[in-house]
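Letter by letter, the chains look like this.
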Amino acid sequence: MKGEALQVIRHDYHAVHSSGARPLSAVKFIVLHCMETFSLVGADEGTGSWFENLASKGSAHFGVDDDSTQQYLPLTAVAWGAPPLNYNGVHIEASGRSALDRPKWLGDYDPMLTREAWLVAHLCRELAIPLRVLDAEDLARCGDDPAHKAGIVTHETVSAVFRQSDHTDPGPGFPMAVLMDRAKQFHVHGHLVAVHKTEAGPQQDKSRKPRPIRRILRCHR
Ligand SMILES: [Zn+2]
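Residues numbered from 1 in each chain as written. Predicted model: local features only at pLDDT ≥ 70, side-chain atom pairs only at ≥ 80, totals over all residues.

Caption draft 1: Structural view of unusual backbone geometry. Following Pro 83, the chain continues into Pro 84 via a peptide bond in cis, with omega recorded as 5°. Notably, Glu 36 is not glycine yet its phi reads approximately 60°, a positive angle. If you trace the backbone, Glu 36 turns up in the loop between strand E2 (29–34) and helix H1 (43–51). Residue Glu 36 is classed as buried on the basis of its 23 C-beta neighbours within 10 Å. Residue Arg 163 is not a glycine yet carries a positive backbone phi of 55°. Looking at the element boundaries, Arg 163 is found in the loop between helix H5 (155–162) and helix H6 (176–189). For Arg 163, a count of 8 C-beta atoms within 10 Å translates into the label exposed. (Helix = DSSP H or I, 4+ residues; strand = E, 2+ residues; numbered from the N terminus. Buried ≥ 20, exposed ≤ 12 C-beta atoms within 10 Å, placed from the backbone.)

Spelled out as structure tokens, the structure:
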């Protein structure tokens with residue numbers, strides 16, 4: 001893969017918005033977002049630069065694009081990512097847009113997906129979070145138990161369950177099953193043993209309305 005090694009996490013930007021500190025033991029969710037940007041490389045730098053601006057009104061712990069990974073906040077900081085999962089969540093921003101379809105994610109954004117998969121596996125191991133995706137029902141159920149190590153959710157699921165934001169990232173075309181397959185390979189083997197792009201992911205629900213394109217990250221407290 002071109003770009004930096006997956007394990008390299010850069011700290012070139014520092015998000016200005018956060019809500020104080022938390023113990024690492026409080027973290028039980030990994031929340032997946034996308035940046036709503038067209039850029040493939042330079043996206044995590046651009047997002048970091050935006051998070052350094054007071055006007056951003058949002059923040060996340062990590063940004064990932066095709067060639068690098070940036071950390072904007074320490075894991076002990078409470079990001080402004082997706083209420084009410086800010087205090088308990090680690091928030092990751094992927095390059096790409098909610099409107100992308102599955103072939104696009106698996107094409108241009110494939111190196112980012114591998115990078116994000118490594119990061120998800122790494123965080124799950126470090127924070128003892130199960131490597132599993134929670135749907136809305138799962139999230140609604142586990143939300144009340146502060147001791148319960150939960151799993152991985154999308155911002156879209158957080159919005160659907162708690163209705164404290166209207167964001168729908170990373171969108172219906174995002175290949176969650178591919179991401180999880182790669183994350184599990186990293187979890188088990190420490191590296192990818194195979195790159196599957198065509199296994200059945202979550203089927204597109206034809207009844208869903210087209211998703212609006214979000215303009216930019218605006219995740220208030
Ligand atoms: Zn989001």
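Caption draft 2: How the structure looks around the environment of Leu 85. Its place among the elements puts Leu 85 in the loop between strand E5 (77–79) and strand E6 (89–94). Contacts of Leu 85, omitting those with residues within four sequence positions, involve Phe 29, Val 31 and Val 158. (Contact = placed C-beta atoms within 7 Å.)

Caption draft 3: Representation of H6 within the structure. For H6, with 14 residues, the first-to-last C-alpha span of 20 Å sits near the 20 Å given by 1.5 Å per residue. Along H6, the residues that are buried comprise Val 178, Leu 179, Arg 182, Ala 183, Gln 185 and Phe 186. Down the axis of H6, the buried side of the element spans an arc of 155°, and every buried residue falls inside it. Its buried side turned inward, H6 meets helix H2 (102–107) and helix H3 (110–127). Downstream of H6 by a residue or two, Gly 190 has a phi angle that is positive, lying close to 85°. (Expected span 1.5 Å × (residues − 1). Arc of directions from axis to C-beta.)

Caption draft 4: Molecular detail of the sheet that holds strand E4 (residues 69–71). Spatial ordering of the open sheet is given by E4-E3-E6-E2-E7, a layout of five strands whose pairing is mixed. Since the sheet does not close on itself, it has two edges, and those belong to E4 and strand E7 (151–154), each with one partner. Ignoring strand direction, the axes of neighbouring strands in this sheet form an average angle of 25°. Here three bridges tie strand E3 (residues 62–64) to E6, and the two strands are oriented parallel to one another. (Pairing = 2+ DSSP bridges. Axes fitted to C-alpha atoms, helices over the stretch in contact; angles between N-to-C directions.)

Caption draft 5: Region of interest: the confidence of the model for the protein. Of the residues in the protein, 86% have a pLDDT of 70 or more, and the chain-wide mean is 87. Throughout residues 200–221 the model reports pLDDT below 50, and contacts reaching past four residues in sequence, or to other chains, amount to 43 contacts. (pLDDT = per-residue confidence, 0-100.)

Caption draft 6: Geometry of the packing of H3 against H6. Following both chains from N to C, one finds H3 and H6 inclined at 55°, their axes separated by 8 Å at the closest point. The angle between H3 and H6 places the two elements in the oblique class. Of the two elements, H3 crosses H6, and the hand of that crossing is right-handed. Every residue of H6 that contacts H3 at Leu 113, Thr 114, Glu 116, Ala 117, Trp 118, Val 120, Ala 121, Cys 124 and Arg 125 is listed here: Val 178, Leu 179, Arg 182, Ala 183, Phe 186 and His 187. A per-class count over the contact of H3 with H6 returns 10 nonpolar, two polar and three charged. (Parallel < 35°, antiparallel > 145°, perpendicular 65-115°, else oblique. Left-handed = near helix turned anticlockwise from the far one by under 90°. Nonpolar A, V, L, I, M, F, W, Y, C, P; charged D, E, K, R; others polar.)

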